[in-house]
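# Architecture and fold: a report
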Amino acid sequence: MCEVTSSNFFHFYPLIINEIDRSCFLAFDTEFSSIDNTPLISMNTFEEFYRLRSNFIRQITVFQFGLAIFFRTNQQNKYEVKIYNFYLHPSNRQPIDVQYQIQSSSIQFLTDYKFDFNKCFYSGISFANQTQINLLMKHKSQSYRFSIQEQNFFDKLFEIINQWLITAELGQQMTYEYEFERDFLSNYSIQMEIQRYFKTIWTTIETESQTQKKIFVFERITREDFEEKSRDYQLNNNDWTEHLQSIVGFSKLIHYIRDNYQKPIVGHNCFLDWLIIYDKFLDRLPIKFQDFQQFMTEHIHSALFDTKYLAFEMKTDLFSSQRNLTTNTSLSSLFNLLSSKTYDQQIFLKPVIEILSSDRYQNQTRVHEAGYDAYMSGVIFLKLIYFHKQKQTARIESNAYQTIFDICLNDIQMFKNRFYSIVNCYVPLNRNDQLNIKKKRFQYCLVLEKINRDKIEIESLIKQLISYGFIQYEIDGNFTRLYLFFQSEHGQKRIMNDYKHHSIYKIEKFNWFKHRFLSKYSAGISILLGGICIFLLVKSRL
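Each value, and the rule that gives it
- Note that residues are indexed from 1 along each chain, following the sequence as it is written.
- Reporting of local features is limited, given that this is a predicted model, to residues whose pLDDT is at least 70; pairs of side-chain atoms are given and counted only at 80 or more, and all residues count toward the totals for whole chains, interfaces and linings.
- Working from all heavy atoms in the structure, the side-chain values ignore hydrogens and water.
- By definition, any uninterrupted DSSP run of H or I lasting at least four residues is a helix, any uninterrupted run of E lasting at least two residues is a strand, and each is numbered from the N terminus.
- Partly exposed describes any residue whose relative accessible area lies between the buried limit of under 20% and the exposed limit of over 50%, with all areas from a 1.4 Å probe on protein chains only and scaled to the type maximum.
- Polar contact is the term for a pair of N or O atoms within 3.5 Å; when the atoms are in protein, one must be able to donate a hydrogen and the other to accept it, and sequence-neighboring residues count only if both atoms are side-chain atoms.
- The contact criterion used is simple: two residues touch if any of their non-hydrogen atoms lie within 4.5 Å.
- Strands are labelled as partners when DSSP assigns at least two bridges between them.
- Lines fitted to C-alpha atoms define the axes, with helix axes restricted to the stretch in contact, and inter-axis angles between N-to-C directions lie between 0 and 180 degrees.
- To pair, rings of Phe, Tyr and Trp, with the six-membered ring standing in for Trp, must have centres within 6.5 Å; the planes then decide the type, stacked if under 30 degrees apart, edge-to-face if over 60, and tilted in the middle.
- For a lysine, the NZ atom is tested; for an arginine, the CZ atom; a charge sits over a ring if that atom is within 6 Å of the ring centre and within 35 degrees of the ring normal.
- Roughly parallel covers angles under 35 degrees, roughly antiparallel covers those over 145, roughly perpendicular covers 65 to 115, and oblique covers all other angles.
- The handedness criterion is simple: a crossing whose near helix is rotated anticlockwise from the far helix by less than a right angle is left-handed, and one whose near helix is rotated clockwise is right-handed.
- Amino acid classes used here: Ala, Val, Leu, Ile, Met, Phe, Trp, Tyr, Cys and Pro are nonpolar; Asp, Glu, Lys and Arg are charged; the rest, including Gly, are polar.

Before going further, it helps to examine the side chain of His388. For His388, the position within the fold is in helix α17 (residues 370–390). Classification of His388 as buried rests on a relative accessible area of 13%. Of note is the side chain of His388, whose polar atom sits 3.3 Å from the side chain of Gln392. Residues contacting His388, with those up to four places away along its chain left out, are Met314, Asp411, Ile412 and Phe415.

Here you go:
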């Protein structure tokens, strides 16, 4: 495992890009500054689900990003993985000084799992989305707000310059060396602040990366020369590019993956993770869910897989014979299940995964550290796709055109670009896929109404029903009938049994003709029948 901070990110960047290009798939995970506590009861549609989730994401930030890069080897079933832990912190450079929400319970949660906040706050890699970059470009020449340490640096520097200017003659130069700690101001920031205060000197700055020194050379010039040099500096200089890159920071890596990567990207229960990737590294989240879908399908060229959703789809085979094992599909539970002898006994061919380089992940678990969680997600993905294929065939053989990985991957293409959701079967990126979900909603549907057909007290009733697990619901316009949607027949049977002899409510399985067709067209049917009766009555009197 390699820890990456602002002090070594640009050093590792070319290496990471090279490894990404050679990989067979990527797995990732993130750690947030807050936990989403949005009540499940309030999310009844895709649009509402997205609206509430995106509102939450806009208020928080990401502290850590884990990336696990998986490689195929010369051996068909052996894989190697390189793990990176990126400590992140949003830019504090004006005009994009970021505000975000921190939740004490989230901080306690990260603390319990030994999260290093010093690395995050002292050495976190900056990041910015496109809206913030555009704002920065618009205010390129404006002054910045500096930290106390940075302001102390400028106070000391300006005092030295003022003392020198008392006796400095035209063309005379002065050299000044400053040894800086960790990440310091960019050359562009320093240049602009010096130019804002001094109109008769010109400054060149060299940075010694090995000794962490900045070497300043000041030259006394005329005001006319200063104006000309300032114009040239704004038009032609590398300092601005470097300054911009230092603020874009980690977003540069995400941009590369977005624009160039076409292999699978894997996460676990990762819809929120993709929302935060979009909002923090790409651009502000769109208001409408359809716009988010459109951007993701048009600009992300990889097949996206959610291992929690994959496990849910494979639950019959994965959990059916596990009487003593939990059917919990949380990341660590699923990882432990797929690392057990029970899993090994069900398959004849299993992937072997080796962590490259010796590090703490080989000898101990680091759950809720983003790099380790990314690693677990990738291992789960490999084992699930092998498991799924072997449940369908008695033999897997590679050929001249496909490796075993490719064969297994091709067999789960129907599950790509879907994210696990307790609101629906899954959250789709493809809008056509979304229509398929709506068609399936009535597969496990119950209809509940009062015995006396009075209006239903929706809030109190839903609070009772939610104890069965999350249920998506829909209520008719008269508030007399409640439609309950389930992801499985198990939840449906439990409620039917419990409400079988209920004194207030009656409940039954959904019947399209009875519960939708008749209710939808009852007014028309009544008018039609009424017209027929009148017609027959008039005819009989003639």
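As a further point, take the sheet that holds strand β5 (residues 173–179). The strands that make up a sheet are held in pairs by hydrogen bonds between backbone atoms, and each pair lies either parallel or antiparallel. Within the open sheet, the 3 strands sit side by side as β5-β7-β6. Their pairing is antiparallel. Either end of the sheet is taken by a strand with one partner, and the two such strands are β5 and β6 (201–208). Going across the sheet, the axis of each strand differs from the next one's by a mean of 20 degrees, ignoring polarity. For β6 and strand β7 (residues 213–220), the ladder comprises 8 bridges, and the chain directions are antiparallel. From the neighbouring strand, Glu208 faces β7, where its bridge partner is Lys213. Along the sheet, helix α7 (residues 187–197) contacts β6 and β7; its crossing angle with β6, the most-contacted strand, is approximately 160 degrees.

Below, the discussion takes up the packing of aromatic side chains. Within the structure shown, the criterion is met by 53 aromatic pairs. Judged by centre distance (5.1 Å) and plane angle (75 degrees), the rings of Phe9 and Phe10 are edge-to-face. The exposure class assigned to Phe9 is buried, which follows from its relative accessible area of 1%. For Phe10, a relative accessible area of 39% corresponds to the partly exposed category. Centroid distance Tyr309 to Phe415: 6.0 Å. Interplanar angle 80 degrees. Geometry classified as edge-to-face. With Tyr309 in helix α13 (residues 307–313) and Phe415 in the loop between α18 (404–410) and β11 (418–420), the pair connects residues that are 106 residues apart, well separated along the chain. The exposure class of Phe415 is buried, given its relative accessible area of 9%. Ring pairs connect the aromatic residues Phe9, Phe10, Tyr13, Phe28, Phe65, Tyr84, Phe86, Phe127, Phe250, Trp274 and Phe281, which therefore count as one cluster. When the ring centre of Tyr420 is taken as origin, the NZ or CZ atom of Lys308, which lies over that ring, is 5.0 Å away. Here the basic side chain of Lys315 rests over the ring of Phe312, its NZ or CZ set 4.0 Å away from the ring centre.

This part takes up the packing of helix α6 (residues 148–165) against α7. At a minimum axis separation of 12 Å, α6 and α7 run at an interaxial angle of 50 degrees. In terms of their interaxial angle, α6 and α7 are classed as oblique. α6 and α7 meet at a crossing whose hand is right-handed. On the side of α6, the interface is formed by Phe153, Phe154, Leu157 and Phe158, while α7 contributes Ser189, Ile190, Glu193, Ile194 and Tyr197. Classifying every residue of the contact of α6 with α7 gives 7 nonpolar, 1 polar and 1 charged.

You can see Phe271 is positioned in helix α11 (residues 271–282). For Phe271, a relative accessible area of 4% gives the class buried. A C-alpha to C-alpha distance of 8.0 Å links Phe271 and Val427, two positions 156 residues apart in sequence. The residues contacting Phe271, other than those within four sequence positions of it, are Phe49, Tyr50, Phe289, Phe292, Phe419 and Val427.

The buried fraction of strand β4 (residues 78–87) amounts to 8 of the 10 residues, a majority that puts the element mostly inside the structure. Where strand β3 (residues 62–72) lies against β4, 9 bridges are found, and the strand directions are antiparallel. Bridging from a neighbouring strand, Arg72 pairs with Tyr79 of β4. For β4 and strand β10 (residues 352–355), the ladder comprises 4 bridges, and the chain directions are parallel.

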